[in-house]
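Below, each chain spelled out in residue letters.
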Amino acid sequence: VQRSRFIELTKLLSGEQDPKDGRPQHSPSSTGGSPGKQPSMPALLQEYSLLKPVAEHFESFTASLRELRDLEQLCSDADEAVASLARQELALAKHQVRQREEALLLTMLPEEEDAQRAAIVEVRAGAGGAEAALFAAQLLDLYERYARSKGWDFEVLEVSPADLGGFRTASAAVSGDGVFGRMRHEAGVHRVQRVPATETMGRVHTSTASVVVLPDANQEEMAIRDSDLQIDTYRASGAGGQHVNTTSSAVRITHIPTGTMATCSDQRSQIRNRAQAMRVLCARLYEQQRLRKQEAAASERRAQGAGNADRNERIRTYNFAQDRVTDHRCGVVHHNLEEIMISGEEAAESLDEIHDALDWIGRMQVLQNIMQSG
């Protein structure tokens, strides 16, 4: 079905077929009558991009299957030399069929529900004092360069600067195709090992920063009533000039039923601060709902005897002394850390490889759960 839909989309996007009823786009009959609702071009392109890997893996699987069947026939060929050669290649052909079948099944698994959403990324300095604050700022810069290289929009929502540089906390909104599906892999504790600029003895210090990635949501989607919100304004502090210290432009919004809170003081406008704080609040409430659903599903799998591996809190180590970054969940290692931290192109190459590996691991786990529960 997915392959047939992919072929149909290919014809639609090439102008060979009418989106409404499959007739050629420029046929006389396609222009008459009352037009129904037609799918938009962005929607068609998105569906096409999602189905393309399935169609490609299907073609690859069927090609290897045909090759296997041909070899099986040749194994009984009258020419013993031909038959012997076919038998030698048979084991490899069977292995290739199994590999391509597995790859096809993985691509046919449904995408994570929120993968196409925009995301709110929050970075917080952890253990390590001033060095942790500097590292947190570097991480946010890394994500901005990564987002720009992917063609995503990156908007800093709030920054709480640290006294000696860097920041204690910061948040940003990242928008584009498949943002949350990729950036969700950045959530967790990031560890950095390096010699600080202020270290006179050359000792390597270890610091941490934590990253939270939330799927973006809005007030209407979350059905949040105004009566459930407590909105407070106060005077901002820190960088921003005299204005932030003399006007109540900072905003704090509390969702009364859950006690969830979001603040924003980065903008001069109280209206803009309120909008950004509301965006973060909705994302946090949506994440709470999402995690409750995931926990319910995980409990069901445990009740059925399916495995459930907990994720290690420390997800990645950035070792500047050895110019190496290691992701501890998938084992991917890169030895060009300096370039990754300053180059959007290098950052994209490194993070994409890590994210692809983690996507693969996640899909394999889903497939195993399906097989165990089925």
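Bear in mind that the values here come from a model prediction, so they are computed numbers and not experimental data.

Draft legend 1. Inspection of helix α4 (residues 130-149) at higher detail. Look at α4: 29 Å from first C-alpha to last across 20 residues, which is about the 28 Å you get at 1.5 Å a residue. Looking only at α4, the buried set comprises Glu131, Ala132, Ala133, Phe135, Ala136, Ala137, Leu139, Leu140, Leu142, Tyr143, Tyr146 and Ala147. Note on α4: the residue one or two positions beyond its end, Gly151, has a positive phi of about 80°.

Draft legend 2. Representation of the pairing of strand β5 (residues 205-215) in the model. The pairing of strand β1 (residues 119-125) with β5 spans seven bridges and is antiparallel. Considered in β5, the bridge of Glu122 is made with Val212. Summarising the sheet, strand β4 (residues 188-194) and β5 pair through seven bridges and their orientation is antiparallel. By the bridge assignment for β5, Arg194 is matched with His205.

Draft legend 3. Summary view of the nonpolar core. Within the largest apolar cluster, 35 residues are counted, with the highest numbers of intra-cluster contacts made by Val121, Val123, Leu139, Tyr143, Met183, Val213 and Tyr318. Going through the elements one at a time, β1, α4, β3 (167-175), α5 (179-183), β5, α9 (337-342) and α10 (344-373) are the ones with two or more residues in this core. Top element by residues in this core is α4. It accounts for nine residues. Beyond its immediate stretch of four places on either side in the chain, Leu139 contacts Val123, His190, Ala209, Val211 and Tyr318.

Draft legend 4. Quick peek at empty space enclosed by the protein. For the structure shown, the criterion picks out one cavity of 30 Å³ or more. Estimated volume of the largest cavity: approximately 40 Å³. Residue composition of the lining of the largest cavity, grouped by class: one nonpolar, one polar and four charged.

Draft legend 5. How the structure looks around the pattern of salt bridges. As enumerated under the stated definition, the model contains 20 salt bridges in all. Notably, a salt bridge pairs Glu144 with Arg148, separated by 3.3 Å at the nearest N-O pair. One end of the pair is Glu144 and the other is Arg148, both in helix α4 and four residues apart, which spans about a single turn. Under the relative-accessibility criterion, Glu144 is labelled partly exposed at 27%. For Arg148, a relative accessible area of 44% puts it in the partly exposed group. With its nearest N and O atoms 3.0 Å apart, the salt bridge here joins Asp327 to Arg316. Highlighted residues: Asp327 in strand β10 (residues 324-327) and Arg316 in strand β9 (residues 314-319), separated in sequence by eleven residues. What makes Asp327 buried here is its relative accessible area of 0%. Connected through shared salt-bridge partners, Lys150, Arg182, Arg184, Asp352, Asp356 and Asp359 make up one network.

Draft legend 6. Broad picture of the environment of Val211. Among the structural elements, Val211 can be located in strand β5. Residue class for Val211 comes out buried when judged on its relative accessible area of 3%. Between the C-alpha atoms of Val211 and His190, which are 21 residues apart in sequence, the distance is 7.6 Å. The residues touching Val211, leaving out its near neighbours within four places in the chain, are Val121, Glu122, Val123, Leu139, Tyr143, Glu186, Ala187, Gly188 and His190.

Draft legend 7. Highlighting the sheet that holds strand β11 (residues 333-334). Sheet architecture is open: eight strands sit in the order β2-β3-β1-β5-β4-β9-β10-β11, paired in mixed fashion. If you trace the sheet from one side to the other, it starts and ends with β2 (153-161) and β11, each paired once.

Draft legend 8. Structural detail: the environment of Glu345. Inspection of the secondary structure puts Glu345 in helix α10. Judged by relative accessible area, which is 64%, Glu345 ranks as exposed. C-alpha separation for the pair Glu345 and Ser149, spaced 196 residues apart in sequence, amounts to 6.5 Å.

Rules behind the numbers
- Residues numbered from 1 in each chain as written.
- Predicted model: local features only at pLDDT ≥ 70, side-chain atom pairs only at ≥ 80, totals over all residues.
- Heavy atoms only, no water.
- Helix = DSSP H or I, 4+ residues; strand = E, 2+ residues; numbered from the N terminus.
- Expected span 1.5 Å × (residues − 1).
- Buried < 20%, exposed > 50% of the residue type's maximum accessible area, 1.4 Å probe, protein only.
- Pairing = 2+ DSSP bridges.
- Core = buried A, V, L, I, M, F, W, Y, C linked by side-chain atoms within 4.5 Å.
- Contact = heavy atoms within 4.5 Å.
- 1 Å grid on protein atoms, 1.4 Å probe; cavity = no way out; pocket = protein on both sides within 12 Å on 5 of 7 lines; lining within 4 Å.
- Points joined across faces, edges and corners; volume = space filled by probe spheres on them.
- Nonpolar A, V, L, I, M, F, W, Y, C, P; charged D, E, K, R; others polar.
- Salt bridge = Lys/Arg side-chain N within 4 Å of Asp/Glu carboxyl O.

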